[in-house]
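A closer look at the structure
Chain by chain, the residues run as shown.
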Amino acid sequence: MALLTPEDLKNINKQLEEADSTVRRVTGLDVKQVCKALYGTSPCCEKVGIVPVTSGNGIIGNFSASLNAITQYFGFESFVTDMPDVSGYYEALQKGAEIILMADDHTFLAHNLKNGKIANNQPCTGIIYAEIASRHLKADSNNLLVIGLGKVGFPGAAHLVKKGFNVYGYDADKLLLEKAVSNLGIIPFNPSSPRKFSTIFEATPCANTIPEVVISENCVISTPGIPCAISDELRKKYDVEIVMEPLGIGTVSMLYSVL
Ligand code: NAD
Ligand code: 2YG
Ligand code: MG
């Protein structure tokens, strides 16, 4: 799995504010309103305990501090424990945490200790970025392109199918594409006979995954994938709106899903 770097998380508040205003321009709602509409929940002063985890590749600089800034940006009360790992988990409970946020190299979870609900970052990220794409106010049709059908992209594509969109999908891994076609009923997208889309949901860890021929003027790309799926040049050429942020939108999706 591609891990975040401290560099990705620089100026997280600014990144959040910019992403939030893009979401407002694209959907007419801010990220919190999208979450409320998606999950039917609202925070009610839940206290979030963030536990740094040292296993595997260890602590990522700015990770816990960014989660703290993100949870507060979205209106939750939160704190980072002084101790990591099991001692940090114990500390979080002693200090009254109701929701635990913690991540190792494979799993980033939110666990609501009051109601037992648990969320995994990958599906929650896929679903919220897909939901944002699905709310593109100026979409020219019911057609939507999904690029990348892995742990984030697949649940996002499933969400779009469930919402009734004509979902075209592509993954460089043929087996994953076949799985999405047979399990979800998406339409396999063939890059050698392209068509244009006004809305694209991208979830890959690679750059330049969206071919120029599919991008329509004023297209919206909703993408949690790092690095960005298109170049600055293409972005300017087609006046593309890009919803992209490294940690916060996926995290608030997890939090709303466990309320
Ligand atoms: P994954 O490895 O499970 O899936 C990625 C998929 O992209 C793979 O199936 C791969 O075959 C496909 N792919 C790669 N290059 C491609 C290309 N050129 N065209 C089409 N498909 C291509 O990874 P994941 O867990 O689904 O994560 C996807 C991305 O989302 C990663 O960059 C990850 O770091 C990022 N992510 C971001 C957030 C966030 O909050 N912004 C949260 C979680 C994950
Ligand atoms: O507590 C810490 O500082 C570390 N143990 C955190 C490790 C997180 C690893 N996961 C990732 O870097 C991401 N791919 C998942 C985070 C979602 C946002 N992209
Ligand atoms: Mg995010």
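These lines cover the structure that appears in this document, whether it is placed above or below. (Residues numbered from 1 in each chain as written. Chains lettered and ligands numbered in written order. Predicted model: local features only at pLDDT ≥ 70, side-chain atom pairs only at ≥ 80, totals over all residues. Heavy atoms only, no water.)

A few points about the site of ligand 1
Among the 25 residues in the neighbourhood of ligand 1, the closest are listed as Lys 151, Val 152, Asp 171, Leu 176 and Glu 245. Val 152 places a polar main-chain atom, nitrogen or oxygen, 2.8 Å from an oxygen atom of ligand 1. Surface burial for ligand 1 is 81%, taken as the share of its 870 Å² of free accessible area covered by protein chains. In terms of residues, the shell around ligand 1 owes the most to one element, helix H5 (residues 121-134), which gives three residues. Of the residues that constitute the shell around ligand 1, the class distribution is 13 nonpolar, eight polar and four charged. (Near = heavy atom within 4 Å. Polar contact = N/O pair within 3.5 Å; in protein donor to acceptor, adjacent residues only side chain to side chain. Areas by Shrake-Rupley, 256 points an atom, 1.4 Å probe, with all protein chains shown as cover. Helix = DSSP H or I, 4+ residues; strand = E, 2+ residues; numbered from the N terminus. Nonpolar A, V, L, I, M, F, W, Y, C, P; charged D, E, K, R; others polar.)

Remarks on the site of ligand 2
Taken together, 16 residues surround ligand 2, and among them Leu 4, Val 53, Ile 60, Ala 103 and Pro 246 come closest. Within the backbone of Ala 2, one N or O atom sits 3.1 Å away from a nitrogen atom of ligand 2. Between Pro 246 and ligand 2, the recorded distance is 3.1 Å, taken from a backbone N or O atom to a nitrogen atom. Protein burial of ligand 2: of its 510 Å² of free accessible surface, 91% is covered by the chains. Grouping the constituent residues of the shell around ligand 2 by class yields 13 nonpolar, two polar and one charged.

Let's talk about the pattern of salt bridges
Counted according to the given criterion, the structure contains nine salt bridges. One salt bridge connects Lys 10 with Glu 7, and the closest N-O pair in it is separated by 3.6 Å. The exposure class of Lys 10 is partly exposed, given its relative accessible area of 45%. Here Glu 212 ties to Lys 237 by a salt bridge, and the two come within 2.6 Å at their closest N and O atoms. Within this pair, whereas Glu 212 is found in the loop between strand S9 (197-202) and strand S10 (215-222), its partner Lys 237 is found in helix H8 (residues 232-237), the two being separated by 25 residues in sequence. (Salt bridge = Lys/Arg side-chain N within 4 Å of Asp/Glu carboxyl O. Buried < 20%, exposed > 50% of the residue type's maximum accessible area, 1.4 Å probe, protein only.)

Topic: the layout of surface pockets
Approximately 360 Å³ is the volume found for the second largest pocket. Along its surface, the second largest pocket is lined by 17 residues, and Gln 15, Glu 18, Arg 235, Met 244 and Glu 245 are the ones closest to its centre. Of all elements in the fold, only helix H1 (12-27), H8 and strand S11 (241-243) reach the threshold of two or more residues within the lining of the second largest pocket. At five residues, the largest contribution of residues to the lining of the second largest pocket is made by H1. Looking at the lining of the second largest pocket, its residues break down into eight nonpolar, two polar and seven charged. (1 Å grid on protein atoms, 1.4 Å probe; cavity = no way out; pocket = protein on both sides within 12 Å on 5 of 7 lines; lining within 4 Å. Points joined across faces, edges and corners; volume = space filled by probe spheres on them.)

Some details on the side chain of Ser 222
Along the chain, Ser 222 falls in strand S10. Overall, Ser 222 belongs to the buried group, its relative accessible area being 0%. Here Ser 222 is in contact with Tyr 129, Ile 132, Ala 133, Ile 200, Phe 201, Glu 202 and Val 243, once residues within four sequence places are set aside. (Contact = heavy atoms within 4.5 Å.)

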